[in-house]
Amino acid sequence: MTTNLLDVQEALQAKGFDPGPLDGVRGRKTIAAILAFQSAAGLMPDGIVGRQTLAKLIPGTDPATLTLASTIPWLAEAYRLLGLKEDTGAGSNQQILEWARDLHIAYDDDDVPWCGLFVGHCIASQLPREPLPANPLGARSYETFGKKVAPQPGAIMVFWRESEGSGKGHVGFYVGEDQVGDFLILGGNQGNAVSIIGKPRERFLAARWPNTALPATGGPVLAQVPGVGNQVEV
């Protein structure tokens with residue numbers, strides 16, 4: 001049995017905190033309701049339903065039953081967008097442009113690399129109090145984002161591209177690693193889409209974790225994703 005976002009929304013509503021539609025989606029109203037509940041309950045308002053929040057929101061519930069959307073919501077948002085593609089014609093995918101508008105970034109063409117924009121969207125939409133890098137479009141700007149952690153599910157993974165000194169790079173989220181040691185990265189602008197690809201360990205620069213999230217307590221995950229191979233982001 002799992003404790004999902006719909007359970008959280010129903011509990012918030014029952015306690016007088018409006019989460020918006022009871023749809024199991026962690027939208028802005030649900031995040032605001034969690035923050036309001038945490039403040040009223042004397043908890044640190046971080047917008048994440050962890051062990052302490054769960055104990056007061058749904059007493060007696062095992063924290064181990066919480067789903068990814070509750071504990072690592074930015075990674076759940078990335079999974080939700082899996083398969084989204086840029087417009088490879090003359091236009092641009094309006095959803096990608098909307099991420100930039102939400103972040104107040106001047107960006108009007110999805111031919112411009114958007115791996116950093118994807119990461120920025122996933123974090124900002126789920127952790128509204130988390131400061132983003134000064135240049136969220138720049139993949140290498142995430143090298144100093146948040147705090148340093150070991151590679152684990154949800155970690156923001158930064159890699160160099162062309163050469164380590166080029167200033168160019170790629171950024172995405174750790175979802176595992178394969179048997180040859182490559183990291184499996186869920187990210188944007190990977191084959192013109194949100195996808196999971198293998199990234200070579202020798203290009204790895206940093207693994208970072210949001211400051212306003214629950215503490216990172218995970219570790220390496222051996223995983224295999226059918227059809228995943230090393231690809232070069234464009």
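All values derive from a computational prediction rather than experimental measurement.

Conventions we followed
Residues numbered from 1 in each chain as written. Predicted model: local features only at pLDDT ≥ 70, side-chain atom pairs only at ≥ 80, totals over all residues. Heavy atoms only, no water. Helix = DSSP H or I, 4+ residues; strand = E, 2+ residues; numbered from the N terminus. Buried < 20%, exposed > 50% of the residue type's maximum accessible area, 1.4 Å probe, protein only. Contact = heavy atoms within 4.5 Å. Areas by Shrake-Rupley, 256 points an atom, 1.4 Å probe, with all protein chains shown as cover. Lys, Arg positive; Asp, Glu negative; His and termini not counted. Charge placed at Lys NZ, Arg CZ, Asp CG, Glu CD. UniProt positions renumbered as here; feature names shortened; annotations may be inferred. Pairing = 2+ DSSP bridges. Axes fitted to C-alpha atoms, helices over the stretch in contact; angles between N-to-C directions. Salt bridge = Lys/Arg side-chain N within 4 Å of Asp/Glu carboxyl O.

Assigned secondary structure in the protein chain consists of seven helices and six strands. Taken along the three principal axes of its C-alpha coordinates, the protein chain extends 55 × 40 × 30 Å. Counting the 234 residues in the protein chain, one finds 50% classified as buried. Summarising the internal contacts of the protein chain: among those between residues at least 6 apart in sequence, 54% fall at separations of at least 24. Roughly 10,800 Å² of accessible area belongs to the protein chain as shown, and the carbon and sulfur atoms make up 53% of that amount. In the protein chain, the 19 positive side-chain charges and the 24 negative ones have mean positions that sit 7 Å from each other.

Attention shifts here to the UniProt feature "domain: Peptidoglycan binding-like" (unreviewed entry) in the protein chain. Mapped onto this numbering, the UniProt entry annotates "domain: Peptidoglycan binding-like" (unreviewed entry) at residues 6-57. As annotated, residues 6-57 comprises 56% helix and 0% strand, and the C-alpha atoms at either end are separated by 13 Å.

Spatial strand order, β1-β6-β2-β3-β4-β5: six strands in an open sheet with antiparallel pairing. Each edge of the open sheet carries a strand with a single partner, namely β1 (147-148) and β5 (195-199). One ladder, built from four bridges, connects strand β3 (residues 169-177) with strand β4 (residues 183-187); its direction is antiparallel. Bridging across to β4, E177 finds its partner in F183. Strand contacts of helix α5 (residues 73-80): β2 (156-160), β3, β4, β5 and β6 (204-209), with the helix running at about 100° to β3, the strand carrying the most contacts. Across the sheet, helix α7 (residues 115-126) is in contact with β2, β3 and β4; its angle to β3 comes to roughly 60°.

Below, the discussion takes up the pattern of salt bridges. Going through the model one piece at a time under the given rule, you end up with six salt bridges. One salt bridge connects E77 with R80, and the closest N-O pair in it is separated by 2.9 Å. Here E77 and its partner R80 are both found in helix α5, three residues apart, which amounts to about one turn of the helix. The buried category is assigned to E77, whose relative accessible area is 9%. With a relative accessible area of 55%, R80 lands in the exposed category. The partner of K168 in a salt bridge is E162, and the shortest N-O contact between them spans 3.2 Å. Residue K168 is classed as partly exposed on the basis of its relative accessible area, which comes to 37%.

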